[in-house]
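Inside the fold
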Amino acid sequence: MKTLLIAAAALIAPFVTTLAQAADDALLGEARKVAMSIPPKLLASLQEEISKSGPEGAIPVCKDMAPKMAGKVFQETGWKVKRVSLKPRNEARAIPDEWEKAALEDFDKRAAAGESPAQLEKGEMVGNEYRYVKALPVQPLCLGCHGSADQISPAVKSVLAEHYPNDRATGYSAGQIRGAISVRKPFQAIAM
Ligand code: HEC
């Protein structure tokens, strides 16, 4: 009987692994799609507002529109979306938890070793949740609000100082990692 059980387990084992792998790949694909649905829209709105009314006029895009879009995605898909950073601007919503912090630190290391920041991502089951983070690289457009002191206009500086007295999100240069978009959703583990 024992031998039979072991034989059966040996037969099932590769199948279980394949199934678990397939489920993991599907979740990674879904998480990636959810995460990537927001940044291109934000970028387009930033570009539009900056060209209409300068960087100070575009601040509401990063400040209000980003969380609004995240809320809408949650309602539509059940995925919680936020943006996190090792140098947060908004202390109320952008401080990474332990898992996000470890991923961001790993992204910085890998970027320093030559990997392209735009490709950096991580996804895995953590407890009963699938969690995924994708790096958000600094582009030239971002520097008007996240660059060095001489790249940020006095008008932007004064709005930032008013809303974010402890702002740490300046001094970046293009190609660095500004932070990550982080998504999570609870899933029942597959019972086998
Ligand atoms: C017009 C000014 C402006 C521009 C341009 C801008 N940001 Fe921001 N960014 C902000 C503001 C304001 C916040 C704080 C948002 C909040 O209150 O949640 C912010 C927050 C963030 C956050 C969330 C983490 C944190 O530190 O609070 C990320 C990530 C981010 N920006 C990335 C970018 C990237 C990448 C670009 C370029 C593609 C960019 N931003 C361009 C103003 C800007």
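So, here is what we can say about the structure in this document. Bear in mind that the values here come from a model prediction, so they are computed numbers and not experimental data. (Residues numbered from 1 in each chain as written. Predicted model: local features only at pLDDT ≥ 70, side-chain atom pairs only at ≥ 80, totals over all residues.)

The next thing to look at is the overall build of the chain. In terms of helices and strands, the chain carries five helices and four strands. When the helices and strands of the chain are read in sequence order from the N terminus, they spell out α-α-β-α-β-β-α-α-β. Residue burial in the chain is summarised as follows: out of 192 residues, 23% are buried. Within the chain, contacts between residues at least 6 apart in sequence are counted, and of these 69% link residues at least 24 apart. (Helix = DSSP H or I, 4+ residues; strand = E, 2+ residues; numbered from the N terminus. Buried ≥ 20, exposed ≤ 12 C-beta atoms within 10 Å, placed from the backbone. Contact = placed C-beta atoms within 7 Å.)

If you check helix α2 (residues 39–77), its first and last C-alpha atoms are just 17 Å apart, much less than what 39 residues at 1.5 Å a residue would give, namely 57 Å. Where α2 bends most, the angle comes to about 130 degrees, and this point is G54, followed within four residues by the proline P55. The set of residues buried in α2 consists of L46, P55, E56, A58, I59, V61, C62 and A66. Buried positions along α2 lie against β1 (80–84), α4 (143–146) and α5 (154–163). Just downstream of α2, G78 is the residue with a positive phi angle, here 80 degrees. (Expected span 1.5 Å × (residues − 1). Bend = angle between axes of the 7 residues up to and from the residue.)

The environment of the ligand is made up of 25 residues, and the closest members are C62, A94, C142, C145 and G179. Of all elements in the fold, only α2, α4 and β4 (177–186) reach the threshold of two or more residues within the shell around the ligand. Here the element with the most residues in the shell around the ligand is α2; it accounts for seven residues. Taken together, the residues of the shell around the ligand sort by class into 14 nonpolar, six polar and five charged. (Near = placed C-beta within 6 Å. Nonpolar A, V, L, I, M, F, W, Y, C, P; charged D, E, K, R; others polar.)

The next thing to look at is the sheet that holds strand β2 (residues 121–126). As a general point, the strands of a sheet are linked pairwise by backbone hydrogen bonds and lie either parallel or antiparallel. The four strands are arranged β1-β4-β3-β2 in an open sheet whose pairing can be described as antiparallel. With partners counted over all chains shown, the strands left at the sheet margins are β1 and β2, one partner each. Across the sheet, the axes of successive neighbouring strands diverge by a mean angle of 20 degrees, strand direction being ignored. Two strands pair when backbone bridges link them, and β1 and β4 are joined in this way by five bridges, in the antiparallel orientation. Across the sheet, V84 pairs through a bridge with A180, a residue of β4. The strands that α2 touches are β1, β3 (129–137) and β4; relative to β1, the one it contacts most, it runs at about 135 degrees. The sheet strands contacting helix α3 (residues 98–112) are β1, β2, β3 and β4, and the helix crosses β4 at an angle near 140 degrees. (Pairing = 2+ DSSP bridges. Axes fitted to C-alpha atoms, helices over the stretch in contact; angles between N-to-C directions.)

Glancing now at the packing of α2 against α5. To characterise two packed helices, one gives the angle between the axes of the helices and the distance between these axes. Put simply, α2 and α5 touch, their axes get as near as 8 Å, and they point 25 degrees apart. As far as their axial angle goes, α5 and α2 are roughly parallel. The hand of the α2/α5 crossing is right-handed. Contacts between α2 and α5 pair P55, E56 and I59 from the former with A155, V156 and V159 from the latter. Looking at the contact of α2 with α5 residue by residue, the class counts come to five nonpolar, no polar and one charged. (Parallel < 35°, antiparallel > 145°, perpendicular 65-115°, else oblique. Left-handed = near helix turned anticlockwise from the far one by under 90°.)

This paragraph deals with the pairing of β2. Direction of pairing for β2 relative to β3: antiparallel, over a ladder of six bridges. Paired with G123 across the bridge in β3 is Y132. Counted along the chain from β2 to the antiparallel partner β3, the turn is two residues long, and its residue G127 has a positive phi close to 60 degrees.

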